[in-house]
Amino acid sequence: MSTTEPTTPEQTADQKNAEQKTEGASGSPLAEQPVAAPADLVVTGVTHEAGRRTLLADVEVRFPAGSMTALSGPSGSGKTTLLSVAGGLLRPTAGSATHGAEPTWTGTGDPRPDVAFVLQVYGLVPVLSAAENVSVALRARGVAPEAADEQALAALARFGIADLGARQVEELSGGQMQRVALARGLAVGAAVLLADEPTSELDETNRGHVLAELRREADRGAVVVVATHDPAVVEACDGHVALDDGRVVLDEAAEAPQDRSTQDTSATDTPATDTPATDTDEAAPGEVPPVEGAPVPEAPAAAAEPETDDDHAAFRRPPGAP
Ligand SMILES: Nc1ncnc2c1ncn2[C@@H]1O[C@H](COP(=O)(O)OP(=O)(O)O)[C@@H](O)[C@H]1O
Ligand SMILES: [Mg+2]
């Protein structure tokens, strides 16, 4: 699986579109441009096997454009694998993911320019500065170097880390790296944004900022999917898909964007009281709602710890990283 932004992909139709966008009459930064052709991200009949293990089993799910969808599930349930398949980093054993009329898998493992990831292990280049990491992603999408540097700083500012722009990434804390990865993912004005546990190292205030920025992406018309263990993040999203052992055990589709105009992005807000109760197994506050007839996920947050730490440790000591 590729963990870096494509730097020299062949010119695809998507990339030509991206370049046209940057050269458009508005001249506005990519991050501020509405999605030209919003479309749902659709995962159809996806099974993925690695060796004898089935990591995803017949997954059918639709992530709507203009909405934030939470993807929850215990550690090891397949969240990262599903995001990887959905965004075209990983070719599934069977089935497909499509955005608009296009499969997201391009045949190379490089995602289309219209797809942006915020990876669980960040995927930053350790020896580049924070600003350079963001700028590289913009340049890869056809933004001229000077404009890319400017937009990179603006993207860092969205996450309150403009002052870290010149710092080498390998000197940053985990939470700071996480925000650089978010800045990079959100700088490019993608039509599909797949964020893998993007708030796992952040305090409540920064989590709130991140959720507000993810909401802005959905409001531009993007598909936003957020893998998370955090009930507050689930609550801030419009839809919720839960995995357990590679299977979808909950699929609560988002409402149409126009039907949730009163919703805000605060992670600490209580849910609207006029939400119709559809069943009796309401979740206690602070819990991801259970699913009728579904296996009960085992203590997700606690189970996540060692794996998350391992991921980060692996990143911080990259073997001969560029
Ligand atoms: N390349 C691989 N080969 C074998 N097993 C893998 C591979 N990648 C992930 N896994 C396993 O697949 C399961 C799902 O992993 P993952 O998608 O990372 O789950 P999550 O993101 O929900 O923690 C885990 O048990 C993990 O160890
Ligand atoms: Mg994961």
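- Under an unreviewed UniProt entry, the name given to the protein chain is ATP-binding cassette domain-containing protein, and the organism recorded is Nocardioides bruguierae.

**Section: the overall build of the protein chain**
Phase 1: Within the protein chain, the secondary structure is distributed over eight helices and 10 strands.
Phase 2: Across the 322 residues that make up the protein chain, the buried fraction comes to 46%.
Phase 3: Summarising the internal contacts of the protein chain: among those between residues at least 6 apart in sequence, 72% fall at separations of at least 24.

**Here we look at unusual backbone geometry**
Keep in mind that most residues, glycine aside, have a negative phi and that most peptide bonds are trans.
Phase 1: Positive phi, close to 50°, is recorded for Asp-58, a residue that is not glycine.
Phase 2: Even without glycine at this site, Glu-197 takes up a positive phi of about 50°.
Phase 3: Along the chain, Glu-197 turns up in the loop between strand S7 (192–196) and helix H6 (204–219).
Phase 4: Taking the number of C-beta atoms within 10 Å as the measure of exposure, Glu-197 has 25 and is therefore buried.

**Structural notes on the site of ligand 1**
Phase 1: Around ligand 1 sit Ala-50, Gly-51, Arg-53, Leu-55, Gly-73, Ser-75, Gly-76, Ser-77, Gly-78, Lys-79, Thr-80 and Thr-81, and those are all the residues in its vicinity.
Phase 2: In terms of residue count, the dominant contributor to the shell around ligand 1 is helix H2 (residues 79–87) (three residues).

**A few points about the sheet that holds strand S5 (residues 102–103)**
Strand pairing in a sheet relies on backbone hydrogen bonds, with the paired strands running either antiparallel or parallel.
Phase 1: The strand order across the open sheet built from four strands is S2-S1-S4-S5, with neighbouring strands paired in antiparallel fashion. Among the strands making up the open sheet, the edge pair consists of strand S2 (53–63) and S5.
Phase 2: Packing against the sheet, H2 makes contact with strand S1 (41–50), S2 and strand S4 (94–99), and its axis sits at approximately 125° to S1.

**Looking at the pairing of strand S3 (residues 68–72)**
Two faces make up the sheet, and in a regular strand the side chains alternate between them.
Phase 1: Most of S3 is tucked away, with five of its five residues classed as buried.
Phase 2: The alternating pattern of S3 places Met-68, Ala-70 and Ser-72 on one face and Thr-69 and Leu-71 on the opposite face, and all of these are buried.
Phase 3: The pairing of S3 with strand S8 (residues 223–227) spans four bridges and is parallel. Pairing of Met-68 across the sheet is with Val-224, part of S8.
Phase 4: As judged from the four bridges shared by S3 and strand S9 (residues 239–244), these two strands associate in the parallel manner.

**A look at the nonpolar core**
Phase 1: Core analysis: the biggest nonpolar cluster contains 80 residues, and Val-134, Leu-156, Val-180, Ala-187, Leu-193, Val-223 and Val-226 have the highest contact counts within it.
Phase 2: Per-element tally for this core: the top contributor is helix H5 (residues 174–187), with seven residues.
Phase 3: When we break this core down by domain, the ones giving at least three residues each are domain 1 (38–114 + 190–257 + 281–316) and domain 2 (127–183).
Phase 4: Setting aside residues up to four positions removed in sequence, Val-134 forms contacts with Ala-152, Ala-155, Leu-156, Val-180, Ala-183, Arg-184 and Ala-187.

**Considering the sheet that holds S8**
Phase 1: Judged by pairing direction, the sheet is mixed, and its six strands sit side by side in the order S6-S7-S8-S3-S9-S10 without closing on themselves. With partners counted over all chains shown, the strands left at the sheet margins are strand S6 (115–118) and strand S10 (247–252), one partner each. Averaged over all adjacent pairs, the angle separating strand axes in this sheet is 15°, with direction ignored.
Phase 2: In this fold H5 packs onto S6 and S7, with an angle of close to 170° to the strand it touches most, S6.
Phase 3: With respect to the sheet, H6 is in contact with S3, S7 and S8, its orientation differing from that of S8 by roughly 150°.

**So, the environment of Ala-218**
Phase 1: Relative to the elements of secondary structure, Ala-218 occurs in helix H6.
Phase 2: By the C-beta count within 10 Å, which is 24 here, Ala-218 ends up buried.
Phase 3: Linking Ala-218 and Val-35, residues 183 residues apart in sequence, is a C-alpha distance of 9.5 Å.
Phase 4: Setting aside residues no more than four positions away along its own chain, Ala-218 makes contact with Gly-66, Ser-67, Met-68 and Val-224.

**Focus on H6**
Phase 1: Helix length check: H6 (16 residues) gives 22 Å between terminal C-alpha atoms against 22 Å at 1.5 Å per residue, within 8%.
Phase 2: Listed as buried for H6 are Arg-207, Val-210, Leu-211, Glu-213, Leu-214, Glu-217 and Ala-218. Axial view of H6: buried residues confined to an arc of 165°, hence all on one face.
Phase 3: On its buried face, H6 is in contact with S3, helix H4 (145–158), H5, S7, S8 and helix H7 (231–236).

**Section: the confidence of the model for the protein chain**
Phase 1: Overall, the prediction assigns the protein chain a mean pLDDT of 80, with 70% of residues at 70 or greater.
Phase 2: Overall, residues 1–26 carries pLDDT values under 50, and its contacts beyond four positions in sequence, including any with other chains, amount to 38 contacts.
Phase 3: A low-confidence stretch, residues 262–322 stays under pLDDT 50, and its non-local contacts, those more than four residues away or across chains, total 63 contacts.

**A short note on the packing of H4 against H5**
Phase 1: It is the contact of H4 with H5, at a shortest axis distance of 8 Å, that shows an interaxial angle of 125°. Between H4 and H5, the angle is such that the two are oblique. Taken as a pair, H4 and H5 cross one another with a handedness that is right-handed. Here Gln-151, Ala-152, Ala-155, Leu-156 and Arg-158 of H4 come into contact with H5, specifically with Ala-183, Leu-186 and Ala-187.
Phase 2: Looking at the contact of H4 with H5, its residues break down into six nonpolar, one polar and one charged.

Quick notes on the rules
Just so you know, the residues in each chain are numbered from 1, in the order the chain's sequence is written. Written order determines the labels here, with chains lettered from A and ligands numbered from 1. Residues qualify for local features only when their pLDDT is at least 70, as the model is predicted, and side-chain atom pairs are given and counted only at 80 or more; totals for whole chains, interfaces and linings, by contrast, use all residues. A run of DSSP states H or I qualifies as a helix once it reaches four residues; a run of E qualifies as a strand once it reaches two. Both are numbered from the N-terminal end. Once C-beta atoms are placed from the backbone, each residue is buried if 20 or more other C-beta atoms lie within 10 Å of its own, exposed if 12 or fewer, and partly exposed for counts between those two. It is the C-beta atoms, placed from the backbone, that decide contacts: two residues are in contact if theirs lie within 7 Å. To decide nearness, the C-beta atom of each residue is placed from the backbone, and the residue is near a molecule or strand if that atom lies within 6 Å of it. The pairing criterion is simple: DSSP has to find at least two bridges between the two strands. For helices, the fitted line uses only the C-alpha atoms of the stretch in contact; every axis is such a line through C-alpha atoms, and the angle between N-to-C directions lies from 0 to 180 degrees. Note on terminology: a nonpolar core is a set of buried residues of type Ala, Val, Leu, Ile, Met, Phe, Trp, Tyr or Cys, with members joined through C-beta atoms within 7 Å. These domain limits were set by an automatic method or by a database of domain assignments. Helices are assigned an expected span. That span is 1.5 Å times one less than the residue count. Note: the arc covers the axis-to-C-beta directions of the helix. Each residue gets a pLDDT score, which is the predictor's confidence in that residue and runs from 0 to 100. Any angle from 65 to 115 degrees is called roughly perpendicular, while one under 35 is roughly parallel, one over 145 is roughly antiparallel, and all others are oblique. By convention, the crossing between two helices is left-handed when the near helix turns anticlockwise from the far helix through less than a right angle, and right-handed when the turn is clockwise. Asp, Glu, Lys and Arg are counted as charged, while Ala, Val, Leu, Ile, Met, Phe, Trp, Tyr, Cys and Pro are counted as nonpolar; the rest, among them Gly, fall into the polar class.

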